[in-house]
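# Descriptive analysis of the structure
Here is what each chain is made of, one letter per residue.
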Amino acid sequence: MGDLLESLAFWMPRQRWYGTKGRDPRLTVVADWPLDGADAHLLLVRDEAVQPAIVYQVPVARRAEGSVPPGSLIGPAPDGQVWADATTDAAFTDLLYRWVTAGGEVGTAQDGFIGIALATEAGAAAPRATARVLSGEQSNTSLIFRPEGEGRPVICKLFRQVNPGINPDVELQSALAAGGAAFVPAAIGEVRGSWTTPEGVPVSGSLAFAQEFFDGVEDAWRVALDAAAAGEDFAARARALGASVAGMHVALAQQFPTIEPDAADRAAVVGAWERRLAIALAEVPALAPYADRIRAVYAAAATAPWPALQRVHGDLHLGQVLDTAANGWVLLDFEGEPLRPISERLRPDVAVRDVAGMLRSFDYVSGAVADDDGAAVRAWVIAAQQAFLAGYRETAGVAGDGDDALLAAFELDKAVYEAIYETRNRPDWVGIPLAAIGRLAPLD
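Summary of the structure given here. (Residues numbered from 1 in each chain as written. Predicted model: local features only at pLDDT ≥ 70, side-chain atom pairs only at ≥ 80, totals over all residues. Heavy atoms only, no water.)

### A word on unusual backbone geometry
Put simply, the rule reads: Every helix listed is a DSSP run of H or I at least four residues long, and every strand listed is a run of E at least two residues long, numbered separately from the N terminus.
The omega torsion across Q51 and P52 is 0°, close enough to zero to call that bond cis. Assignment of secondary structure puts P52 in the loop between β2 (40-47) and β3 (54-64). Unlike most non-glycine residues, D333 shows phi in positive territory, near 55°. Within the secondary structure layout, D333 lies in the loop between β15 (328-331) and α8 (342-346).

See the structure below:
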């Protein structure tokens, strides 16, 4: 296993889902589940290159050299074979498809670790399906399964960063789907595992989640970009999107507990804003002139009226929404912001966080669509944002100006988060959140 860990330490930083760019991993094995009949292992490895340490899920398969798809080779294995990323290996993907569609218990106890437990739709063994890894910038690995013969296509998300407890993506979407919501995909199945922490505490958590896959659809980001580039009126569609987001919040407030925020709750949210701002000021020097104005916006929000706290999406933007013919706007990916600690993402929150996220996403359209003077696209963005807010407030039953101070603070916090993200990952885009910060916290 030592040689494999060395290979993983070289291979993982080159993967899209690896969360600590620019550092060499320091890996130890947390769990090792041999997969019968696949000559493969489902590994949990702990990376202590950062604190708190991150636990990653890495399925690996041992195969003959020369039989591994490009990009999947991890490193040498015993007996002249090689280790490969099992998400591109048919033996592993066949198992994964069967687990999420038929259920059952798999794996064996080894070194104190127990196997993977499933909670899925009951039924006989599922038929085989072809699998394709979805490309694109993702913090997880998603596979699209197309069953042989009859059967609906399924998309299965393999969580790369694993935490104790049920993943909010599984928890929230499963609850909404079970409640009959048309604005989320139907839930198909999930995979859970149990392991032991370095402190010797037994824990369990989500490893994978499968849902209905919508064929031949585009996400709202692409739909919005096309509409803005063509100068098409998007107000009606933006208003409908606002209604869908409000419907999600109403349903989540009905299905999960809500709490009235006390001083400690407010302090936790404001503290998170301030911590993110401190990180941004250290990493994005252009923010320095706005620091006092940003803090003033946060202070105004801290003393404004707050609604009850509830479960929320947590990372809502146009790329997390599908444009479907049958269901209208469909919301995806309820994990929350990848840079926020999992403990924050699991707590009841202020619903306006999601509203701010969508408003910021519309703002990104103005940076992504070519326009000679920017005026036309900027006008399109403002109209879409206003229509989205109108649809949201009408469906949610909230006043038009009751949450302005809070909304402004969450918009600003989101833009600060974006400035950090873009500086780390897409420096050419950092001007978009910086321009927004200039509008939301203008200098005197």
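Following the structure, the description resumes.
### Comments concerning helix α4 (residues 220-230)
To keep things clear, this is the line we draw: Burial classes follow relative accessibility: with a 1.4 Å probe on protein chains only, a residue under 20% of its type's maximum area counts as buried, one over 50% as exposed, and anything between as partly exposed. In this description, contact between two residues means that some pair of their heavy atoms is separated by no more than 4.5 Å. Counting of polar contacts relies on pairs of N or O atoms within 3.5 Å, with two restrictions inside protein: one atom must be capable of donating a hydrogen and the other of accepting it, and residues adjacent in sequence are counted only when both atoms are side-chain atoms.
Buried within α4 are the following residues: A220, V223, A224, L225, A227 and A228. Where α4 is buried, its residues contact β13 (218-219), α5 (235-255), β14 (321-324), β15, α9 (352-368) and α10 (375-396). By the N-cap criterion, in which a side-chain oxygen at the helix start approaches the backbone nitrogen of a residue two or three places on, α4 is capped by D219, the distance to W221 being 3.1 Å. Backbone geometry just after α4 places G231 at a positive phi near 70°.

### Quick word on the environment of L309
Relative to the helices and strands, L309 resides in the loop between α7 (291-302) and β14. With a relative accessible area of 3%, L309 lands in the buried category. Taking C-alpha positions, L309 is 8.7 Å from A253, a pair spaced 56 residues apart along the chain. Look past the residues within four positions of L309 in its chain and what remains in contact with it is P257, T258, I259, P261, D265, P348, D349 and V350.

### Observations concerning the sheet that holds β3
Note the threshold: DSSP calls a pair of strands paired once it identifies at least 2 bridges connecting them. Lines are fitted to the C-alpha atoms to define the axes, a helix being fitted only along its stretch in contact, and any angle between axes, read from their N-to-C directions, falls within 0 to 180 degrees.
Ordered in space as β1-β2-β3-β5-β4, the 5 strands form an open sheet in which the pairing is antiparallel. Bordering the open sheet on either side are β1 (27-35) and β4 (73-76), each of which pairs with just one other strand. Averaged over neighbouring strand pairs, the angle between their axes works out to 30° when direction is ignored. In the sheet, β4 pairs with strand β5 (residues 81-85) via 3 bridges, with the strands oriented antiparallel. Its bridge partner being in β5, P76 is matched across the sheet by V82. Together, β1, β2 and β3 form the strand contacts of helix α2 (residues 90-102), whose direction differs from that of β1 by roughly 80°.

### Quick notes on the sheet that holds β14
Read across the sheet, 3 strands follow the order β13-β14-β15 without closing on themselves; strand pairing throughout is antiparallel. Every other strand in the sheet has two partners, leaving β13 and β15 as the edge strands with one partner each. With 4 bridges connecting them, β14 and β15 associate as antiparallel partners. The residue of β15 that forms the bridge with L322 is V330.

### A few points about α9
Formally: Multiplying one less than the number of residues by 1.5 Å gives the expected span of a helix.
A rise of 1.5 Å per residue sets the reference length of α9, with its 17 residues, at 24 Å; its end C-alpha atoms lie 25 Å apart and thus fit the reference within 8%. Counting buried residues along α9, 14 of its 17 residues qualify, which places the element largely inside the surrounding structure.

### Structural notes on the nonpolar core
Nonpolar side chains tend toward joint burial in soluble globular proteins. Note the following rule: Definition used in this section: a nonpolar core is a set of buried Ala, Val, Leu, Ile, Met, Phe, Trp, Tyr and Cys residues joined via side-chain atoms within 4.5 Å.
Ranked by size, the top nonpolar core spans 71 residues in total, and within it F234, W273, F362 and W380 carry the most contacts. Ranked by residues supplied to this core, first place goes to helix α11 (residues 404-425) with 9 residues. In this structure, F362 is in contact with F234, A238, L241, L318, W380, V381, A384, Q385 and F388, ignoring residues within four places of it in sequence. The next biggest cluster of nonpolar side chains, apart from the first, holds 31 residues, and it includes V30, A61, W99 and C156.

### Considering the pattern of salt bridges
As a reminder of what qualifies: Here, a salt bridge means any Lys or Arg side-chain nitrogen found within 4 Å of an Asp or Glu carboxyl oxygen.
This model, assessed by the stated rule, comprises 27 salt bridges. A salt bridge links R239 to E394, with the shortest nitrogen-to-oxygen separation between them at 2.8 Å. Pair noted here: R239 is in helix α5 and E394 is in helix α10, with a separation of 155 residues, a long-range link. According to the relative accessible area criterion, R239 is partly exposed, its value standing at 37%. Residue D315 pairs with K414 through a salt bridge whose shortest N-O separation is 3.3 Å. A residue pair is termed long-range when its members are at least 10 positions apart, and D315 in the loop between α7 and β14 and K414 in helix α11 qualify at 99 residues. You'll find D315 and K414 in the same group, each marked buried. Members of the salt-bridge network, linked through shared partners, are R360, D363, R378, E418 and R439.

### A closer look at the pairing of strand β9 (residues 141-147)
With 6 of 7 residues buried, β9 lies mostly within the body of the structure. Sheet analysis places strand β8 (residues 129-133) next to β9, joined by 5 bridges and oriented antiparallel. When the sheet's bridge partners are listed, R132 is paired in β9 with I144. Note: β9 against strand β10 (residues 154-158), 5 bridges, orientation antiparallel. Bridge pairing in β10 links T141 to L158. Where β9 folds back on β10, the antiparallel hairpin that results is connected by 6 residues, among which G149 adopts a positive phi of roughly 75°.

### Overview of the side chain of Q385
Within the secondary structure, Q385 sits in helix α10. A relative accessible area of 15% places Q385 in the buried class. With sequence-adjacent residues up to four places away left out, Q385 is seen in contact with L359, F362 and D363.

### Re the packing of α5 against α9
For clarity, the threshold we go by: If an angle is under 35 degrees, it is roughly parallel; if it is over 145, roughly antiparallel; if it lies from 65 to 115, roughly perpendicular; otherwise it is oblique. Here is the rule for handedness: rotate from the far helix to the near one, and if that takes an anticlockwise turn smaller than a right angle the crossing is left-handed, while a clockwise turn gives right-handed. Nonpolar residues are Ala, Val, Leu, Ile, Met, Phe, Trp, Tyr, Cys and Pro. Charged residues are Asp, Glu, Lys and Arg, and all others, Gly as well, are polar.
Close contact between α5 and α9 brings their axes to 11 Å; oriented N to C, the two are set at 155°. For the element pair α5 / α9, the angle class is roughly antiparallel. Crossing of α5 against α9: the hand is right-handed. Across the interface between the two elements, A238, L241, M248 and H249 from α5 touch D354, M358 and F362 from α9. Tallied by class, the residues present in the contact of α5 with α9 amount to 5 nonpolar, 1 polar and 1 charged.

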